[in-house]
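Tertiary structure, described
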Amino acid sequence: MRPPLRVRQAVNLANGSTLAGLGVAALGGAAVARGADGLFAGTGYRLPVPPAPAFCLGNVIVTRGDALDPGSRLFRHEARHATQFAWCGGVVMVPLYLAAAGVSWVLTGDFGARNVFERLAGLADGGYADKPLRPAIRRAAERLRVGRGVRGGRLSGLSGLSGLSGLSGPGRTAGARVRPGPGRASAARDGSTASPCR
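Let me begin by describing the structure that accompanies this report. No experiment lies behind these values; they were computed from the predicted model shown. (Residues numbered from 1 in each chain as written. Predicted model: local features only at pLDDT ≥ 70, side-chain atom pairs only at ≥ 80, totals over all residues. Heavy atoms only, no water.)

A word on the overall build of the chain. Per the secondary structure count, the chain includes 7 helices and 6 strands. Reading the secondary structure of the chain in the N-to-C direction produces α-α-β-β-β-β-α-α-α-α-β-β-α. With 198 residues in all, the chain has 33% of them scored as buried. Partitioning the intrachain contacts of the chain with sequence separation of at least 6 by distance along the chain shows that 38% fall at a separation of at least 24. Accessible area of the chain: about 11600 Å², with a carbon and sulfur share of 63%. (Helix = DSSP H or I, 4+ residues; strand = E, 2+ residues; numbered from the N terminus. Buried < 20%, exposed > 50% of the residue type's maximum accessible area, 1.4 Å probe, protein only. Contact = heavy atoms within 4.5 Å. Areas by Shrake-Rupley, 256 points an atom, 1.4 Å probe, with all protein chains shown as cover.)

The next point concerns unusual backbone geometry. With an omega of -10°, the peptide bond between V49 and P50 qualifies as cis. In this structure, D37 is a non-glycine residue whose phi angle is positive, near 60°. Within the secondary structure, D37 is located in the loop between β1 (31–34) and β2 (40–43).

Okay, the sheet that holds strand β3 (residues 54–57) next. The strand order across the open sheet built from 4 strands is β1-β2-β4-β3, with neighbouring strands paired in mixed fashion. Each having just a single partner strand, β1 and β3 make up the two edges of the open sheet. Taking each pair of neighbouring strands and ignoring which way they run, the sheet shows an average axis angle of 20°. Two elements, β3 and strand β4 (residues 60–63), share 4 bridges in a ladder whose sense is antiparallel. Its bridge partner being in β4, C56 is matched across the sheet by I61. (Pairing = 2+ DSSP bridges. Axes fitted to C-alpha atoms, helices over the stretch in contact; angles between N-to-C directions.)

As a further point, take the nonpolar core. Judged by nonpolar contacts, L39, C56, L57, I61, L68, F75, A79, A82, F85, M93, A100 and F117 together constitute the single largest core of 12 residues. For this core, the elements supplying multiple residues, two or more each, are β3, α3 (73–88) and α4 (93–108). Here this core gets 4 residues from one element, more than from any other, and that element is α3. Residues contacting L68, with those up to four places away along its chain left out, are T43, I61, T63, L74 and F75. (Core = buried A, V, L, I, M, F, W, Y, C linked by side-chain atoms within 4.5 Å.)

Attention now moves to the packing of α3 against α4. With their axes 10 Å apart at the nearest point, α3 and α4 run at an angle of 115° to one another. It follows that α3 is roughly perpendicular to α4 by the angle criterion. Contacts between α3 and α4 involve H81, Q84, F85 and C88 from the first element and M93, V94 and L96 from the second. Residue composition of the contact of α3 with α4, by class: 5 nonpolar, 2 polar and no charged. (Parallel < 35°, antiparallel > 145°, perpendicular 65-115°, else oblique. Nonpolar A, V, L, I, M, F, W, Y, C, P; charged D, E, K, R; others polar.)

This is the structure we're talking about:
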């Protein structure tokens, strides 16, 4: 076994995630055997959670199937999760993973598509597909992107925010009309344009 894999094996044993994985596999009725690269493979998992066909906890890869080919893309995907457990300090990764899954669901309606852990482990290898952002989020992101540029002599996307009316800088066009904001009431009453603060 290569030295980095030995380090992963030792770290996941020390941080308790491999022991947790062996415990979860036993609770789910999985038959556990030593696999490749210092990993354990638990097959025949029967509990309903998690709903995934395969998952990883420490150096333990668990599947509902009868076998898991160490040369398969799914095995490699789950092995990358084993490395993530080592980097994240063990079972601390579980709440981090759940938070990342929640963010992915908010952004796309899918728990894996924008989950940073799944993306780093290889979406396609894990059976996930990349999904576009939800339409409302895509529109908001587009407004933010456009808001960083100048369109029609105004700060696009920000011109309606009165609290930002005193902004100046390279994105600002000289002589652009400024909406009233704090400290600009007199300029608004007499119809004059306010000059940027410098």
